[in-house]
Amino acid sequence: MAPRAAERELSGPYNLISPQGHSTIGELLQACAEVTGGAAELRWTAPRTILEAGIEPWTQLPVWVPPDTDLHDALHSADVSRAVTAGLRCRPVRETVADTWRWLSDLGGTAPHRPDRTAKGLDPDVEAKVLAAGGGGTGPAS
């Protein structure tokens, strides 16, 4: 195996996100549903519907930010060429999800949470209201 960044004494700023096209939010969510054995039914909802419902991107809907925003562009269009040239290898999303699920299961199902931070995730009642109002579609939302 090739020496890793620390062994090669690399330093400086690197964007350590996967290159564009490595995976999609749909692939991530599908892997989560399959790996956990959950009965999740993926329902795609227009970004406008999400925002109008007062759902906070990234905190109440983890990993999601609305398109056409600076944060979206930073997350999904960042130049990762320096990291790739230095040897960045991105694991398959399903493998990462499986390892994370195994780690979480080994902890008893509850991830460590700092007491000075707010809880993350979407309230099930809010989710139900958005979906009942017709907020679920059949194709991936941006």
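Here the structure is shown first, and the text comes after it.
Computed from a predicted model, the values in this text were never measured in an experiment.

Conventions we followed
- Residues numbered from 1 in each chain as written.
- Predicted model: local features only at pLDDT ≥ 70, side-chain atom pairs only at ≥ 80, totals over all residues.
- Heavy atoms only, no water.
- Salt bridge = Lys/Arg side-chain N within 4 Å of Asp/Glu carboxyl O.
- Helix = DSSP H or I, 4+ residues; strand = E, 2+ residues; numbered from the N terminus.
- Buried < 20%, exposed > 50% of the residue type's maximum accessible area, 1.4 Å probe, protein only.
- Axes fitted to C-alpha atoms, helices over the stretch in contact; angles between N-to-C directions.
- Parallel < 35°, antiparallel > 145°, perpendicular 65-115°, else oblique.
- Left-handed = near helix turned anticlockwise from the far one by under 90°.
- Contact = heavy atoms within 4.5 Å.
- Nonpolar A, V, L, I, M, F, W, Y, C, P; charged D, E, K, R; others polar.

A. Quick look at the pattern of salt bridges. Under the defined criterion, the tally for this structure stands at six salt bridges. Arg102 serves as the salt-bridge partner of Asp99, at 2.4 Å between the closest nitrogen and oxygen. Of this pair, Asp99 and Arg102 both sit in helix α5 (residues 93-106), three residues apart, roughly one helical turn. Taking the relative accessible area as the measure of exposure, Asp99 reaches 30% and is therefore partly exposed. Where salt bridges share partners, they join Arg91, Glu95, Asp99 and Arg102 into one cluster.

B. Looking closely at the packing of helix α1 (residues 25-36) against α5. In contact at an axis separation of 9 Å, α1 and α5 are set at 45° when each is read in the N-to-C sense. Classified by the angle between their axes, α1 and α5 sit oblique to one another. When you trace α1 past α5, the crossing you get is right-handed. Each of Leu28, Ala31, Cys32, Glu34, Val35 and Thr36 in α1 lies in contact with α5, whose residues at this interface are Val93, Arg94, Val97, Ala98 and Trp101. Classifying every residue of the contact of α1 with α5 gives eight nonpolar, one polar and two charged.

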